[in-house]
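# Summary of the model geometry
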Amino acid sequence: MSENTPKLAGYLDKQQPGLYQALSDYAGQVTAEADRTGIPRRTLELLNYRASQINGCAFCLDLHHRRAIGYGETEQRLSLVSVHGEVGLFDEAEQVALELAEQITRMSTARPTPELFSRARKVYTDEQISVLCMACIGINAFNRLSILSEHPVRKARSSS
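In this text the structure is predicted, and so the values were computed from the model without any measurement.

So, on to the nonpolar core. One finds Leu47, Leu100 and Leu132 to be the most contacted residues of the largest nonpolar core, which totals 26 residues. Looking at this core, the elements that each hand over two or more residues are α2 (17-37), α3 (41-55), α7 (92-105), α8 (114-123) and α9 (126-149). Tallying contributions element by element places α9 first for this core, with nine residues. Judged by nonpolar contacts, the second largest core, of seven residues, contains Leu46, Leu78, Val81 and Leu98.

Where charged atoms from two side chains of opposite charge approach closely, those side chains can pair. Scanning the model with the defined rule gives twelve salt bridges in all. Linking Glu33 and Arg36 is a salt bridge whose minimum nitrogen-to-oxygen distance equals 2.8 Å. Note that Glu33 and Arg36 are positioned in helix α2 at a spacing of three residues, about one turn of the helix. For Arg66, the salt bridge identified is with Asp62, shortest N-O distance 3.2 Å. Of this pair, Arg66 and Asp62 both sit in helix α4 (residues 58-70), separated by four residues, roughly a single helical turn. What makes Asp62 partly exposed here is its relative accessible area of 26%. Each of the salt bridges in this network shares a partner with another, and the network as a whole consists of Arg42, Glu73, Arg77 and Glu94.

Cut-offs and rules
- Residues numbered from 1 in each chain as written.
- Predicted model: local features only at pLDDT ≥ 70, side-chain atom pairs only at ≥ 80, totals over all residues.
- Heavy atoms only, no water.
- Core = buried A, V, L, I, M, F, W, Y, C linked by side-chain atoms within 4.5 Å.
- Buried < 20%, exposed > 50% of the residue type's maximum accessible area, 1.4 Å probe, protein only.
- Helix = DSSP H or I, 4+ residues; strand = E, 2+ residues; numbered from the N terminus.
- Salt bridge = Lys/Arg side-chain N within 4 Å of Asp/Glu carboxyl O.

Everything listed here is a matter of geometry and, on its own, says nothing about what the molecule does.
Structural data, given as structure tokens:
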């Protein structure tokens, strides 16, 4: 098998459209719950972006970068999201969401800490925390789907 041959016979989302639709529906429900509970879309996109960084999912990084910009995120903050705790550009609620993304994404090596959930309760309700956790679960599933499928990042269209 050459380096350019996909590991799978095709994209998982195309091979299993019903299962992919269920995953997409899940993501839609998470977004609806985030809206209902008052979690900003920009915060969700930061969470999605950070998990995608950790997982090394180029397709999802590109997608959530564009979405975050669409919700008012800045290039500067996106470029510094991996060091969010060191730069003073993210508020406490955003920091907690990013830390949830990090700890949930890395659960295979360490469980999310009680201290993080205690900090989360200072800026989010329990209902909002559960939505953020469900968002982390969802983006990790999408990252794995895109990595396994080797979804390509498409070249951006020029605006001129």
